[in-house]
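Chain by chain, the residues run as shown.
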Amino acid sequence: MRAKSIVTCLVLLATAFASRSSAGEVLVARMSGIIGPSSARFMVEAIGRAEERRAECVIIEMDTPGGLDESMRAIVKKIMISRVPVVVFVAPSGSRAASAGVFITMAAHVAAMAPGTNIGAAHPVSIGFGAKVDSVMAGKMVNDAAAYARSIAARRGRNAEWAEDAVRESVSISETEALKLRVIDLIAPSLETLLDSLDGREVAIDEKTVALHTKGAAIVEMRMSWSDRLLAVIANPNVAYVLFMLGLLGLYFELSTPGAVLPGVVGAICLILAFFAFQVLSVSYTGILLIILAIVLFIAEAKTATNGILTAGGLVAMIIGSIMLFNDPDPALHASLQVIVPVALVTGAFFVVGVWLSIRSLRRKPTTGGEALVGQEGDARTAIDATSGSVFVAGAHWNAFSDGKIAEGRRVRVIEVKGMSLKVEEIR
């Protein structure tokens, strides 16, 4: 009896240990913001790391307004050929999977959303520096994206018709509608709830059915490298806009004050980083030209007396240009007015005050050298004629001469400097 009890205990312990060890690890990678080269590299690396560690699955917790088509396709390709299940979780509450995020979510082996989230608006837009497309090319882009969305949805057994509507009609739905329309697989309020819901779920990997064991699994968080985090921050429209303005200010300061070096270096770096972000964002040439026009108007205001008309015009041009700088239809991919207005006012003030001080310094009367003596007043220490004389001016005795005769002791004014002698005239 005692032996049978011992055997039973050993069997129960072995079963518990086996079930615990079978859960393994779950990698969690969090990605928020615009999908670009850095975020694509991070998600591809996360899936690769999960494959190396033979994790139960990799969960991509995502909140994105969209991004580059090329980066999105790189992520989708990696998900499609992944040897471990990929779960895309649109979370936390208030997050969304828009544009490129729709394709990534639908490509996942399991798609989940938190309460208070939404998915959709996958209509393609021309991304890039001043990118413009005609109606024919726009139609090709839409057709290509719609076909791609349908194929992904069909591969994962999701609603292909809705996927096409998300591209062609820019429809967007909540998490409850997405579950009802078979766009996603489940709703989970938290990561812990998601892991419980995933436990025992079967997914297809390489034409094989694999059961997930996520209950009690060890969670391993994967974080972006500092370089990828930096690039992700730069791709934010507000940051890109500020970098662009700082770059213009730095280059202007360097050109107006040759030899300062530091402003030029900082300005060039800021402009390069801004142009990197412009590759990810949809940027308008019109917005850039209006900002440059504003700077020209600020400089002109400092050199002419227009009573602030050019300054007002410059501020209007800068604010309008800043609003038009990003032409993506999604407001999340535009610079915020709370950033644009202060930056425009500070930039305008910088240019007007800076140029005014520069012109003032150029017009300022010399304070050293011979030219500084012109206009100075003093006393005739001897009689002064056209050939000789002596005066006391600016705390020193000088040889002097004059067109007319000046008696000793009279007040004189310097009108010209010739070598070491001063030409003076009598103050009457």
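On a predicted model such as this, the values are computed, not experimentally measured, just so you know.

Colleague: So what's going on with unusual backbone geometry? Residues and values would help.
Modeller: P92 follows A91 through a cis peptide bond whose omega is 0°. For P92, the position within the fold is in the loop between β3 (86-90) and β4 (96-98). A positive phi angle, close to 60°, is found at R182, a residue other than glycine. Within the fold, R182 resides in the loop between α7 (175-180) and β9 (186-187).

Colleague: Break down the packing of aromatic side chains for me, citing the residues and quoting the values.
Modeller: Per the stated rule, a full pass over the model turns up four aromatic pairs. An aromatic cluster is present here, built from F244, F275 and F278 joined pairwise through their rings. It is R73 that lies over the ring of Y148; its NZ or CZ is 4.1 Å from the centre.

Colleague: Quick one: what's the story with the pattern of salt bridges, residue by residue and with numbers?
Modeller: A side chain with one charge may pair with a side chain of the opposite charge, provided their charged atoms come close. One pass over the structure, following the stated rule, counts 19 salt bridges. Taking the shortest distance from any N to any O, the salt bridge between R53 and E25 comes out at 2.9 Å. Residue R53 is found in helix α2 (residues 37-53), and its partner E25 is found in strand β1 (residues 25-32); the two are separated by 28 residues along the sequence. You can call R53 partly exposed: its relative accessible area is 40%. Residue classification places E25 among the partly exposed residues on the basis of a relative accessible area of 25%. R30 serves as the salt-bridge partner of E61, at 3.3 Å between the closest nitrogen and oxygen.

Colleague: Could you give an account of the nonpolar core, with specific residues and numbers?
Modeller: Core analysis: the largest hydrophobic core is formed by 53 residues, its most contacted members being V76, F103, I104, I119, I152, W162 and V167. Ranked by residues supplied to this core, first place goes to helix α5 (residues 135-155) with seven residues. Apart from the residues within four sequence positions on either side, W162 is in contact with V102, M106, I119, G120, V171, I173, L181 and V183. Counting 30 residues, the second largest nonpolar core, distinct from the first, contains L248, I288, M318 and A335.

Colleague: Report on the side chain of S99, specifying residues and quantitative values.
Modeller: Among the structural elements, S99 can be located in the loop between β4 and α4 (100-107). On the accessibility criterion, S99 (18% relative accessible area) is buried. Not counting residues within four places of it along the chain, the set of residues in contact with S99 comprises P65, G66, G120, A121 and A122.

Colleague: Account for the packing of helix α3 (residues 69-80) against α4, naming residues and giving values.
Modeller: Remark: α3 packs on α4, axes separated minimally by 9 Å, with the N-to-C direction vectors making an angle of 0°. Judged by the angle between their axes, α3 and α4 are roughly parallel. Of the residues in α4, those in contact with M72, I75, V76, I79 and M80 of α3 are A100, F103, I104 and A107. A per-class count over the contact of α3 with α4 returns nine nonpolar, no polar and no charged.

Colleague: Quick rundown of the confidence of the model for the protein? Include the residues and the values.
Modeller: Of the residues in the protein, 83% reach a pLDDT of 70 or more, and the chain-wide mean stands at 82. Segment residues 9-22: pLDDT under 50, and two contacts once partners within four positions in sequence are set aside and those in other chains are kept. Confidence drops under a pLDDT of 50 for residues 127-131, and excluding neighbours within four residues, the segment shows 21 contacts in the predicted structure.

Parameters at a glance
Residues numbered from 1 in each chain as written. Predicted model: local features only at pLDDT ≥ 70, side-chain atom pairs only at ≥ 80, totals over all residues. Heavy atoms only, no water. Helix = DSSP H or I, 4+ residues; strand = E, 2+ residues; numbered from the N terminus. Phe/Tyr/Trp six-rings, centres within 6.5 Å; stacked < 30°, edge-to-face > 60°. Lys NZ or Arg CZ within 6 Å of the ring centre and 35° of its normal. Salt bridge = Lys/Arg side-chain N within 4 Å of Asp/Glu carboxyl O. Buried < 20%, exposed > 50% of the residue type's maximum accessible area, 1.4 Å probe, protein only. Core = buried A, V, L, I, M, F, W, Y, C linked by side-chain atoms within 4.5 Å. Contact = heavy atoms within 4.5 Å. Axes fitted to C-alpha atoms, helices over the stretch in contact; angles between N-to-C directions. Parallel < 35°, antiparallel > 145°, perpendicular 65-115°, else oblique. Nonpolar A, V, L, I, M, F, W, Y, C, P; charged D, E, K, R; others polar. pLDDT = per-residue confidence, 0-100.

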